[in-house]
Amino acid sequence: MKKIVCVASALLILASCNQQIEKTGYVNNTKVVSDFKDMKTAQEKWTKKNNEVRAELEEKAKQFQIEVEGYKNIMKSMSASNREKKEQELMVKQQGLQREQQAKMQEIQQGSQVEIDSIIGKVKSFIEDYGKKNGYTYIYGDTETSNILYGKEELDLTDKILKELNGGDTATTDETKE
């Protein structure tokens, strides 16, 4: 009986020695994506484009408003059929401006979303490669919904990955706020 216990203990010890130690870490996804140079560049680009389009549309809206005011000033001197014709013309113009605004805003939204999705894919791929290159079994993502409630600070790979992802630049949102 003693021999069986000793053999079983020895087998358990050998089995536990053969198991690999799993290397794990975690990354704050939100911080990595928002502090990634490519994301900041994309945000600046799409914000600028949005502002340019809005300015252009506001100018067209002002011109339309001037035309409406001009019509209001002379509408009493117009015949009923001419008034109706002009009002119809103004309504068609207004609808055209609204369609143009919707189309341009949708174009900006779709373009920015495609670029953001591409950047997120790039970050995910980079983290995957980083994990393989550095021997990690798992790298968990900490998101805004806080799926990691606690992790040892030494397992937080966020700054390391961000630094490599940005080509050695360590600028973070904390530093850019100053």
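Quick note: structure is the one above.
For clarity, every value in this text was computed on a predicted model and none was experimentally measured.

Student: Got a minute to help me understand the overall build of the chain in this structure?
Tutor: Along the backbone of the chain there are six helices and two strands. For the chain, the N- to C-terminal ordering of α and β elements is α-β-α-α-α-β-α-α. In the chain, the proportion of contacts linking residues at least 24 apart, taken out of those at least 6 apart, comes to 79%. Counting every atom, the chain has about 13,400 Å² of accessible surface; 53% of that belongs to carbon and sulfur.

Student: Where do I start with helix H5 (residues 158-165) in this structure?
Tutor: An α-helical turn contains 3.6 residues, so a residue and the one three or four places further along point in the same direction. Regarding H5, the residues found buried are Thr158, Ile161, Leu162 and Leu165. Seen from one end, H5 has its buried residues packed into an arc of 100°, which puts them on one side. Here the buried face of H5 lies against strand S1 (24-28), helix H2 (29-35) and helix H4 (80-133). In the stretch just after H5, glycine 167 is the one whose phi turns positive, near 70°.

Student: In this structure, what is going on with the pattern of salt bridges? I would like to understand it.
Tutor: Two side chains carrying opposite charge are able to pair once their charged atoms lie near each other. Applying the stated criterion to the full structure yields 12 salt bridges. The closest approach of N and O atoms between lysine 45 and glutamate 115, which form a salt bridge, is 3.0 Å. Taken as a pair, lysine 45 in helix H3 (residues 37-74) and glutamate 115 in helix H4 lie far apart in primary sequence, 70 residues in all. Overall, the relative accessible area of 43% leaves lysine 45 in the partly exposed class. Classification of glutamate 115 as partly exposed rests on a relative accessible area of 23%. Residue glutamate 67 is joined to lysine 93 by a salt bridge in which the shortest nitrogen-to-oxygen separation is 2.7 Å. You can see glutamate 67 sitting in helix H3 and its partner lysine 93 sitting in helix H4, a full 26 residues away along the chain. On the accessibility criterion, lysine 93 (38% relative accessible area) is partly exposed. A cluster of three or more residues bridged by salt bridges with shared partners is formed by Glu56, Lys60, Glu100 and Lys104.

About the thresholds
As a convention, each chain's residues are numbered from 1 in the sequence order in which they are written. For a predicted model such as this one, the threshold for reporting local features is a pLDDT of at least 70, and the threshold for listing and counting side-chain atom pairs is 80 or more; totals across whole chains, interfaces and linings nevertheless cover every residue. As a rule here, side-chain values cover all heavy atoms of the structure and leave hydrogens and water aside. Starting at the N terminus, helices and strands are each numbered in turn, a helix being any DSSP run of H or I of at least four residues and a strand any DSSP run of E of at least two. Whether two residues touch is decided by their heavy atoms; if any such pair falls within 4.5 Å, the residues are in contact. To measure how exposed things are, a 1.4 Å probe is used in the Shrake-Rupley method; for residues, cover is taken only from the protein chains shown. For every residue, the accessible area obtained with a 1.4 Å probe (protein chains only) is divided by the maximum for its type, and the residue is called buried under 20%, exposed over 50%, and partly exposed between those limits. Directions from the helix axis toward the C-beta atoms define the arc. Salt-bridge detection follows one rule: a side-chain nitrogen of Lys or Arg within 4 Å of a carboxyl oxygen of Asp or Glu.

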